[in-house]
Amino acid sequence: MRILALRRAVTAIMATVVSLTPAVSEAAAATQDTEDASTREVPGLREPVRLVVDRWGVPHLYARNTDDVFLAQGYNAARDRLFQLDLWRRRGLGQLSSAFGPRYVEQDRAARLFLYRGDIQREWAAYGSGTRRSVTAFVRGINAYVDWVNAHPEALPPEFRKLGHRPDRWQPEDVVRIRSHGLALNAYPEALRAGAMCTGGQTAARALVRLEPAHEPKVPDGLDPCAVPADVLSTYLLGIAPVTFDGVAVRSAPLPSPGGSNAWALAPSRTATGRPILAGDPHRSTTAPALRYVTHLSAPGLDVIGAGEPALPGISMGHNGRAAFGLTVFAADQEDIQVYRLHPDDPGRYRYRDRWVRFTTVREEVPVAGSTPREVELTFSRHGPVLKVDAAKNIAFGLRTAWSEPGTAPYLTGLDAMTARSFPEFTAKIRRWASPPENLIYADTTGDIGWVPGALVPRRPRHDGLLPVPGDGRYEWNGFHNGAELPKVSNPKSGFIASANEFNMPPGHPLRVGYEWEPAARKERIEDVLSASTRHTTSEMANLQRDQVDEYARRVVALLRDIPAGDDPDTAAALKHLLGYDGTASADSAGAALFEPWISNHLGPAFLAKFVDPAVAARVPRADLRQIIDAFERPDQWFGPNGAAVRDQLVQQTLRAAYAEVRGRLGADPAAWRWGNLHHALFSNPLGDTVGPFPRGGTVTTVDASSYFRGAYRSTSGAAYRMVLDVGAWDNSTFVSAPGQSGDPTSPHYADLADAWKSGTQVPLLYSPAAVARNTESVITLVPAASGRG
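Residues numbered from 1 in each chain as written. Predicted model: local features only at pLDDT ≥ 70, side-chain atom pairs only at ≥ 80, totals over all residues. Heavy atoms only, no water.

Comments concerning the overall build of the protein chain
Of regular secondary structure, the protein chain possesses 25 helices and 31 strands. In terms of overall dimensions, the protein chain is globule-like: its C-alpha atoms have a radius of gyration of 27 Å, near the 28 Å expected for 790 residues. When the 790 residues of the protein chain are sorted by exposure, 61% land in the buried category. Accessible surface, the protein chain as shown: approximately 28,700 Å² in total, 50% of it carbon and sulfur. (Helix = DSSP H or I, 4+ residues; strand = E, 2+ residues; numbered from the N terminus. Rg over C-alpha atoms; globule rule 2.2 N^0.38 Å. Buried < 20%, exposed > 50% of the residue type's maximum accessible area, 1.4 Å probe, protein only. Areas by Shrake-Rupley, 256 points an atom, 1.4 Å probe, with all protein chains shown as cover.)

Digging into the packing of aromatic side chains
In the structure shown here, the tally under the stated rule is 31 aromatic pairs. Site record: aromatic cluster; members linked through ring pairs are Phe 325, Phe 423, Phe 426 and Tyr 442. The ring of Trp 638 carries the charged tip of Arg 206 above its face, separated from the ring centre by 3.8 Å. When the ring centre of Tyr 552 is taken as reference, the NZ or CZ atom of Arg 555 above it lies at 5.9 Å. (Phe/Tyr/Trp six-rings, centres within 6.5 Å; stacked < 30°, edge-to-face > 60°. Lys NZ or Arg CZ within 6 Å of the ring centre and 35° of its normal.)

A word on the state of the cysteines
Per the stated rule, a full pass over the model turns up 1 disulfide. Between Cys 198 and Cys 226 runs a disulfide, and the two sulfur atoms are separated by 2.0 Å. The chirality of the disulfide connecting Cys 198 with Cys 226 is right-handed, given an S-S dihedral of about 105°. Here the residue Cys 198 occupies a position in helix 10 (residues 187–208), and Cys 226 occupies one in the loop between helix 10 and helix 11 (234–240), the gap between them amounting to 28 residues. According to the relative accessible area criterion, Cys 198 is partly exposed, its value standing at 30%. (Disulfide = S-S within 2.5 Å.)

With respect to the sheet that holds strand 21 (residues 469–470)
Read across the sheet, 4 strands follow the order 17-18-12-21 without closing on themselves; strand pairing throughout is mixed. Unpaired on one side and paired on the other, strand 17 (386–390) and strand 21 mark the two borders of the sheet. As defined by bridge partners, strand 12 (residues 335–341) adjoins strand 18 (residues 395–401) across 7 bridges and the pair is classed as antiparallel. What sits directly across from Tyr 340, in strand 18, is Ala 396. (Pairing = 2+ DSSP bridges.)

Some details on the nonpolar core
Core analysis: the biggest nonpolar cluster contains 118 residues, and Phe 426, Phe 735 and Leu 782 have the highest contact counts within it. With sequence-adjacent residues up to four places away left out, Phe 426 is seen in contact with Phe 325, Ala 417, Ala 420, Leu 440, Tyr 442 and Val 452. With 55 residues, the next largest nonpolar core counts Val 556, Trp 598, Ala 617 and Phe 639 among its residues. (Core = buried A, V, L, I, M, F, W, Y, C linked by side-chain atoms within 4.5 Å. Contact = heavy atoms within 4.5 Å.)

Examining the environment of Asn 601
As for its placement among the helices and strands, Asn 601 is situated in helix 18 (residues 590–609). Each C-alpha atom of the pair Asn 601 and Arg 622 lies 8.6 Å from the other, and the pair is 21 residues apart in sequence. Residue contacts for Asn 601: discarding those within four places in its chain leaves Glu 596, Glu 661, Arg 710, Gly 711 and Tyr 713. Engagement of the side chain of Asn 601 in a polar contact is seen with the side chain of Glu 661, the distance being 3.3 Å. (Polar contact = N/O pair within 3.5 Å; in protein donor to acceptor, adjacent residues only side chain to side chain.)

A few points about unusual backbone geometry
Residues other than glycine predominantly adopt negative phi, and peptide bonds predominantly adopt the trans conformation. With an omega of 0°, the peptide bond running from Ala 288 to Pro 289 counts as cis. Among the structural elements, Pro 289 can be located in the loop between strand 7 (277–285) and strand 8 (293–299). Here the bond from Ala 738 into Pro 739 is cis, since omega is 0°, no more than 30 degrees from zero. On the secondary structure map, Pro 739 appears in the loop between strand 29 (734–737) and helix 24 (754–759). Phi angles above zero are rare outside glycine, and Asn 394 is one such case at about 60°. Along the polypeptide, Asn 394 turns up in the loop between strand 17 and strand 18. The backbone of Asn 491 sits at a positive phi, close to 45°, despite the residue not being glycine.

As for the pairing of strand 14 (residues 355–358)
Bridge count between strand 13 (residues 349–352) and strand 14: 4 bridges; the pairing is antiparallel. When the bridges of strand 14 are listed, Arg 349 appears paired with Arg 358.

A short note on the pattern of salt bridges
Scanning all chains against the criterion turns up 42 salt bridges. Across the pair Asp 67 and Arg 46 runs a salt bridge whose closest N-O atoms are separated by 3.1 Å. Placement of Asp 67 in helix 3 (residues 66–93) and of Arg 46 in the loop between strand 1 (37–42) and strand 2 (49–54) is noted, with a sequence separation of 21 residues between them. Judged by relative accessible area, which is 16%, Asp 67 ranks as buried. The salt bridge partner of Asp 416 is Lys 429, with a shortest N-O separation of 3.0 Å. You can see Asp 416 sitting in helix 12 (residues 414–417) and its partner Lys 429 sitting in helix 13 (residues 423–430), a full 13 residues away along the chain. Take Asp 416 and Lys 429: they sit in the same class, and that class is buried. Through salt bridges with shared partners, a single ionic network connects Asp 86, Arg 89, Arg 90, Asp 168 and Asp 174. (Salt bridge = Lys/Arg side-chain N within 4 Å of Asp/Glu carboxyl O.)

A few points about the side chain of His 296
For His 296, the position within the fold is in strand 8. In terms of polar contacts, His 296 uses its side chain to reach the side chain of His 60, at 2.8 Å.

A word on the pairing of strand 29
Pairing of strand 28 (residues 721–726) with strand 29, which is carried by 4 bridges, proceeds in the antiparallel orientation. Bridged to Met 723 within strand 29 is Phe 735. As judged from the 2 bridges shared by strand 29 and strand 30 (residues 763–764), these two strands associate in the antiparallel manner. Paired with Phe 735 across the strands is Val 763, a residue of strand 30.

Let's talk about the environment of Gln 107
Here Gln 107 is to be found in helix 5 (residues 105–113). Looking at Gln 107, the relative accessible area reads 4%, which means it is buried. Sequence spacing of Gln 107 and Ala 241 is 134 residues, and the spatial spacing of their C-alpha atoms is 8.5 Å.

Focus: helix 13
Of all the positions in helix 13, only Phe 423, Phe 426, Thr 427, Lys 429 and Ile 430 are classed as buried. Buried residues in helix 13, looked at end-on, bunch into an arc of 165°, giving them a common side. (Arc of directions from axis to C-beta.)

With respect to the side chain of Asp 547
Of note, Asp 547 is situated in the loop between helix 15 (538–545) and helix 16 (551–560). With residues near it in sequence (within four places) discarded, Asp 547 still touches Arg 525, Thr 702, Val 703 and Asp 704.

What to know about helix 5
Across the 9 residues of helix 5, 8 count as buried, placing the element largely inside the fold. Those residues of helix 5 that sit buried are Val 105, Gln 107, Asp 108, Arg 109, Ala 110, Ala 111, Arg 112 and Leu 113.

Some words on the environment of Val 294
Of note, Val 294 is situated in strand 8. Given a relative accessible area of 0%, Val 294 falls into the buried group. Along the primary structure Val 294 and Ala 77 are separated by 217 residues, whereas in three dimensions their C-alpha atoms are 10.0 Å apart. The residues contacting Val 294, other than those within four sequence positions of it, are Val 58, Pro 59, Gly 306, Ala 307, Tyr 721, Phe 735, Ser 737, Gln 741 and Leu 765.

With respect to the confidence of the model for the protein chain
Chain-level statistics for the protein chain give a pLDDT mean of 93 and a share of 93% at 70 or above. The model gives residues 247–258 a pLDDT under 50, and that stretch makes 33 contacts with residues more than four places away or in other chains. (pLDDT = per-residue confidence, 0-100.)

Okay, structure coming up:
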């Protein structure tokens, strides 16, 4: 029946699609099925657009021009993710109070400090030539749906009805002014390092994190690390914080989980088919809905599919029928805390060079639901927002960021880069990529593979960026490095390229982009697997994305063989248990069920306590396992002449405590312990509704990475989105985006991919019109509004 109906539909409409391009014509014909079709008028469209939704909730948008395809993308994003989009905009612009009341005024004030406030013409000019036009069309699409749903409130997603507000209309400038949703790097460790060095000097700084390349932080002249308060970044953290709700009561969410990612490309010489393979899995907060949204945009001269931020046009990872691309975080340092000496008689002025300069003060009115508007005061120095004033010490603290410069709206450069059809073209476009700093991995149908980072990197001629600096002019940035100064790699002899947030600047490269990189464990494991075969398949690459081998755990377990158990039976039992651990942190691992609580909740904090002030150590999310391993291997270098005994005692005491914790949680029989009975994934939406929990394997240093709350073991970030692209045979590509594509809890696509994600499987990422037609779930024809309004 389905095939017969499809044939009749194709025959019936072929005459109506002759004006479309071949790909769009084929898609329109193949997916026309009157049993599943509906038509909607959309103001602003010039010509009809077909919105085809496949079985997995992926929208395929077929338009006759690019303006219409981006307008339709915005319309569909609002149709599927309206509450997420509205909350993103309100949070980013500092307009939460207008919907949710007075308790949000402080967060609104904080968010407004980090809006782009520069010249808007310079801002638009910094991107690709068509960016402003595409963003404008995208926003018109969002507004078309917002207008429709506000006129039909019965169609509002349940969150709006529960909270009692309506979605707002957008301006194109909203997309580029909001900067606080990107991954920002360095301010937080700067503040931590200042606190650590206040009492512990270089030894404490070394314990916090490994610096790569090896480097000893230098305290800038004029900086007193002890003058940097623990809450120096409280306004900053509030300004970038996500939002959750308990019932209808609004509260701030905790500090966002750190980002990461894996991506790799295999040359034809490394695959069973002789075609390249590109795989990618960004590690972000595990939320419902997901932070990524998969979409397919097809119009004359454009045919891209993949994932991006739902509030932005285009995609940032996927393919265009010729070239495939993925990304991982590139640890370029883009932030500096500034310390200002205030005028003794006028705290509205600060010392700069040889004179007193007045802060700029902006007063803005914040609308407040259910109350009168509030006036907030925003203070700025020449470097950026002022975060805190210490009147007792007569100093103030501000923040300079690269991501407040023109052209640094997160991910927006991807709108231009997604059209590249060769690695030289891709590289030229990525050289303008500014924020967030990313490694871009590339593969195309000619067999080329490559790596090129994109980041706006400050020139710091007088300091290393690892500590706050006096804001008196001695430590100014000397502009920014040209993107062409960053390295690149194409078609390496190994036949593969991998990136996992590790230190990857080539040896001897003159540019110092930053010192704080993720451990190389994930990258090394990926390379071990890739180098072992020349017949890799896409299914094997999907399996590698779920690999839970922890090489660092294996190193630690090997070191435990020389640690005496002492007289305590719990310590002896714990050592025996861990010596049987093979380092594979699967959900059913008994060894990981002890090893991970020991490392994260006991050994790590105890290690930091040896070197770092307790108040500072309490602000460290997780001790750096690289430094712990180094201390175990070279105890005298870390703990002094009797270092081995200190190390052994540290291990014994923390193992005993960890064993007691896990026994209290999982029972007296260690053989029955399971890591997944502690460690779990839970996808939560802003109102507190959840998908899960699911038993979860993995650690922070496995390819299948998971960051989790210490002591609670709830996974807070990981690869909610995974893709494996068969370059050239695109319909063989797969993905999963958990918990599902839709942001509407009433949609069948809200959580339909959660089981696939939990089991480690992926679903088809369909590209060709024929493959989409065979798996079509519904078709919506978007047509220009009869009134012609736009």
